Amino acid sequence: MHVLHVVGARPNFMKVAPVIAAFDAAGSVRQTLVHTGQHYDANMSDIFFEQLGLKRPHVSLGIGSGSHAVQTAGIMVAFEKTLVERRPDLVLVYGDVNSTVAAALVAAKLGVRVGHVEAGLRSFDRSMPEEINRIVTDRLSDVLFTPSADGDENLLREGVPADRIHCVGNVMIDTLVRLLPHARRPRLDLPGDDYALVTLHRPSNVDDPRVLGGLLQALADLSERCLLVFPLHPRTRSRIEAQGFQWPHHRRVRLVDPVGYLEMLALERDARLVVTDSGGVQEETTYLGVPCLTLRENTERPATVDLGTNVLVGRDPARLRVEFEKVLSGGGKAGRVPPLWDGRAAERIAEVVLAGRVPRRLAA
Ligand code: UD1
Ligand code: UDP
């Protein structure tokens, strides 16, 4: 059995690591890791290989940044050659980034079976590039590994046969469970213990200068109430710099480069609250029991709201201020950990694959 994994962007690395480990533990599986190069800065890629204990990729496509079409097509052209050479029995793709859909499309056309890890999530908002990637990837996949029951429901509603769908739990939480004991606070020399952690990178929040300006001003106001630690995604840093935003209380806002995973876990764990638009961070805060305010109108991860600590606040700065204050004064929403977010999702994926339960999907 030869399994080929395709990753490319930051959150993919946390998802693939436990799956590779689970197949390694099973023995008899040959594995190939392909890195598309969608993310390439050391602090967006290499650091995760080191911290997660991932071996160097067997193949690095080195595609880099570009428009959606340029990036997706670049990955497809390069990955097609890799796939023809390597001929695995199964290609596993992760999450909802351009690398995910590009690899799924190539594999499906070459008649190689495709498995989607983190299948079935839906925001029902096609203005998000990730939603398009999710729909297309799921449509093409022979086997679909969902993190939660809502994923199964979405896929069944879309006509995916039930025997293709396996609710295995959340692989990102597998990594969290393994590495939380090693989490370590970055040296930030904060003037106090209480801080709110902020991450932003969705195009809907950072690409429109008016929306970004409104959110930054709201954050600047909130920093008077609570220190902010804000690791800047490269997309966000470039947008803030282009806008020339000046932080009025800059000593209360710690803008830092993207941090490593172990540092990020410690920052999330110890935060009074987290303000984010990240998919993975919504899940991690739910697991950690830390209040999370999500700057989006919707989420493809409803378990974090229904069961966890997540509150959707939309993009309205006024609502953010209200909800932020509520957490500071009331402690925030209590939550519980969704079923199967137990550190063993990857083992379940390996079990399904090794039991031979991945026949090729020839019918629509
Ligand atoms: C991508 C994913 C998004 C995911 C995010 C995780 C798509 C469509 N989007 O968004 O779903 O949540 O990754 O972080 O796949 N850049 C650098 N260095 C890097 C990588 C990017 O400077 O190592 C800059 C480039 O200017 C690039 C921009 O960031 O144009 C955006 O990168 P890109 O991969 O296109 O999208 P993300 O916003 O990172
Ligand atoms: N993360 C990190 N350093 C950072 C910001 C995020 O290690 O500076 C981790 C975070 O803990 C989670 C993953 O990156 O494991 C989420 O990635 P991101 O927010 O980029 O993408 P999304 O999940 O929104 O697709």
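Scroll up a little and you will see the structure.
Here the residue numbering is sequential within each chain, running from 1 through the sequence in written order. Chain letters and ligand numbers both follow the written order, the letters beginning at A and the numbers at 1. With pLDDT at 70 or above as the cut-off, local features in this predicted model cover only qualifying residues; side-chain atom pairs require 80 or more to be listed or tallied, and sums for whole chains, interfaces and linings still use all residues. The side-chain numbers reported here are obtained from all heavy atoms of the structure, hydrogens and water having been left aside.

**Points about the site of ligand 2**
Reasoning step 1: Taken together, 18 residues lie near ligand 2, and R202, V259, S278, G280 and E284 sit nearest.
Reasoning step 2: In protein, a polar contact requires one atom able to donate a hydrogen and another able to accept it; more generally it is a pair of N or O atoms within 3.5 Å, and residues adjacent in sequence count only if both atoms are side-chain atoms. For ligand 2, an oxygen atom lies 2.6 Å from a polar atom in the side chain of R202.
Reasoning step 3: G280 is positioned with one of its backbone polar atoms (N or O) 2.8 Å from an oxygen atom of ligand 2.
Reasoning step 4: For every accessible area listed, the method is Shrake-Rupley and the probe measures 1.4 Å; residues are considered covered only by the protein chains on display. With the chains in place, 96% of the 530 Å² that ligand 2 exposes on its own is no longer accessible.
Reasoning step 5: Of all elements in the fold, only α1 (10-26), α11 (261-270) and α12 (279-288) reach the threshold of two or more residues within the shell around ligand 2.
Reasoning step 6: Asp, Glu, Lys and Arg are counted as charged, while Ala, Val, Leu, Ile, Met, Phe, Trp, Tyr, Cys and Pro are counted as nonpolar; the rest, among them Gly, fall into the polar class. A per-class count over the shell around ligand 2 returns nine nonpolar, five polar and four charged. If even one non-hydrogen atom of a residue comes within 4 Å of a molecule or strand, that residue is called near it. Secondary structure elements follow DSSP: runs of H or I no shorter than four residues count as helices, runs of E no shorter than two count as strands, and numbering proceeds from the N terminus.

**What to know about the pattern of salt bridges**
Reasoning step 1: Any carboxyl oxygen of Asp or Glu that lies within 4 Å of a side-chain nitrogen of Lys or Arg is treated as forming a salt bridge with it. Per the counting criterion, the structure on display carries 25 salt bridges.
Reasoning step 2: With its nearest N and O atoms 2.9 Å apart, the salt bridge here joins D207 to R235. In this pair, D207 is assigned in the loop between α8 (203-206) and α9 (209-222) and R235 in helix α10 (residues 234-243), connecting sequence segments 28 residues apart.
Reasoning step 3: Residue exposure (1.4 Å probe, protein chains only): buried if accessible area is under 20% of the type maximum, exposed if over 50%, otherwise partly exposed. For D207, a relative accessible area of 31% gives the class partly exposed.
Reasoning step 4: Here the salt bridges do not stand alone but share partners, grouping K15, D96, E118, E131, R134, E283, R296, E300 and R301 into one network.

**Observations concerning the pairing of strand β10 (residues 253-256)**
Reasoning step 1: Only strands that DSSP links by at least two bridges are regarded as paired with each other. Relative to β10, strand β9 (residues 227-231) runs parallel, the two sharing four bridges. Note that in β10 the partner of V229 across the bridge is R254.
Reasoning step 2: Note on handedness: a clockwise path from strand one over the helix to strand two, with the strands aimed away from the viewer, defines a right-handed crossover. Following the chain from β9 across α10 to the adjacent parallel β10, one finds a crossover that is right-handed.

These results come straight from atomic positions and should not be treated as a statement about function.
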